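A closer look at the structure
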Amino acid sequence: MELLINKVSKTFKDKKAVDGISLELTPGVWGLLGANGAGKTTLMRIIAGIMRPDFGQVVYDGVPVRVLGERYRDVFGYLPQEFGFSPEFTVKDYLAYVAALKGLSEGESRRRIQELLERVSLTDVYHKKIASLSGGMRRRVGIAQALLNDPEVLILDEPTGGLDPGERVRFRNLLSEFAHDRIVLVSTHIVPDVEYIATCHAIIRNGRLLAVGTTEELVQMVEGKVWSCTIPAEAAAKYESRLQVASLRNENDGCVSIRYLAERPCNDSSFPCAPRLEDLYLWLFPQGGGENRRRTSGKRVGRYE
């Protein structure tokens, strides 16, 4: 099983949202990381067949998805950032409707809906209107509809938005189990949600593929750039204005402990820390807002474009 993204590009007016991305997806969980505006959603819509690329193509098991047509949709599941539904739909009606669109028989539809309601903890709201549910519950309905046809390829765009910590843990476990022999691509800003379950990650910036690799490979990009030190609490604002601070924790005696990213330590009391994937994300996309032009240095790891 292989999903090949071959030199895909897409331009909107004067902005190239996706710029010549090539990526070979194999069974397992793949994390798709990038800041807002990096091109993640556009790439996912192209993979889903909702949007046509200007150049390049998506190929599933040797056949372009545009040629596969309905056969591709039969083995495909997709959760967009926002999924549409009629205000009158109950959870039951909506899932039955989606199951019918996906060609499930009535018996198979009932079985899959019941199974998924239990897996995503929606049994108690089965008869409620989706419009009346919380954001987290609506997200769980979206996850359930994406899984209805037991897809071979599952694309999830920001799937954990609105989920509480317990729900996120259950969702990660569900994905890990589901992806045993399937391709799962997850785009998320919540890096810990994919850090430990993803087989591999793809990082995109300004529409281009920046790096591909495992968590262990990619964090080497910030090896020697993650530091920690303890400072007076009154100095915290000054440090935050000068450094990329990943975390800050109050300590005793009016001090705070900070974990920060920098090419070199900011003071003599700093000591190096083992890097995490979230550190890499903050290094490449500082302040978590929009695209940036930071250039990384040091030993290159993983697979690069």
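All of the points below concern the structure found in this document. Bear in mind that the values here come from a model prediction, so they are computed numbers and not experimental data. (Residues numbered from 1 in each chain as written. Predicted model: local features only at pLDDT ≥ 70, side-chain atom pairs only at ≥ 80, totals over all residues. Heavy atoms only, no water.)

1. Quick notes on the packing of aromatic side chains
Tallied over the entire structure, the rule returns six aromatic pairs. Judged by centre distance (5.0 Å) and plane angle (40 degrees), the ring pair of Tyr72 and Phe76 falls under tilted. There is no split in this pair, since Tyr72 and Phe76 are both buried. Taking NZ or CZ as reference, Arg182 lies 4.3 Å from the ring centre of Phe178, over its face. Directly above the aromatic system of Tyr239 lies the positively charged group of Arg242, at a separation of 5.4 Å from the ring centroid. (Phe/Tyr/Trp six-rings, centres within 6.5 Å; stacked < 30°, edge-to-face > 60°. Buried < 20%, exposed > 50% of the residue type's maximum accessible area, 1.4 Å probe, protein only. Lys NZ or Arg CZ within 6 Å of the ring centre and 35° of its normal.)

2. So, the packing of helix H4 (residues 91–101) against helix H5 (residues 106–119)
Between H4 and H5, whose axes approach to 10 Å, the crossing angle comes to 130 degrees. When the axis of H4 is compared with that of H5, the two are oblique. When you trace H4 past H5, the crossing you get is right-handed. Here H4 contributes Val91, Leu95, Ala96 and Ala99 to the contact with H5, which in turn contributes Ser109, Ile113 and Leu117. Residues that form the contact of H4 with H5 fall into these classes: six nonpolar, one polar and no charged. (Axes fitted to C-alpha atoms, helices over the stretch in contact; angles between N-to-C directions. Helix = DSSP H or I, 4+ residues; strand = E, 2+ residues; numbered from the N terminus. Parallel < 35°, antiparallel > 145°, perpendicular 65-115°, else oblique. Left-handed = near helix turned anticlockwise from the far one by under 90°. Contact = heavy atoms within 4.5 Å. Nonpolar A, V, L, I, M, F, W, Y, C, P; charged D, E, K, R; others polar.)

3. Considering the sheet that holds strand S5 (residues 63–64)
Strand order across the open sheet formed by four strands is S2-S1-S4-S5, with antiparallel pairing between neighbours. Every interior strand has two partners, whereas the edge strands, strand S2 (15–25) and S5, have only one. Note: strand S1 (residues 3–12) against strand S4 (residues 55–60), five bridges, orientation antiparallel. Opposite Ser9, over in S4, you have Phe55 as the bridge partner. Sheet strands touched by helix H1 (residues 40–47): S1, S2 and S4. Its angle to S1, the strand with the most contacts, is close to 125 degrees. (Pairing = 2+ DSSP bridges.)

4. Concerning empty space enclosed by the protein
Applying the stated criterion to the full structure yields one cavity of 30 Å³ or more. Size it by volume and the largest cavity reaches roughly 90 Å³. As for the largest cavity, its lining consists of Arg119, Val120, Ser121, Arg140, Ile143, Leu163, Glu167, Arg170, Phe171 and Leu174. Among the elements of the structure, helix H6 (135–147) and helix H7 (165–178) are those that each provide at least two residues to the lining of the largest cavity. Here the lining of the largest cavity is built from residues that sort into five nonpolar, one polar and four charged. (1 Å grid on protein atoms, 1.4 Å probe; cavity = no way out; pocket = protein on both sides within 12 Å on 5 of 7 lines; lining within 4 Å. Points joined across faces, edges and corners; volume = space filled by probe spheres on them.)

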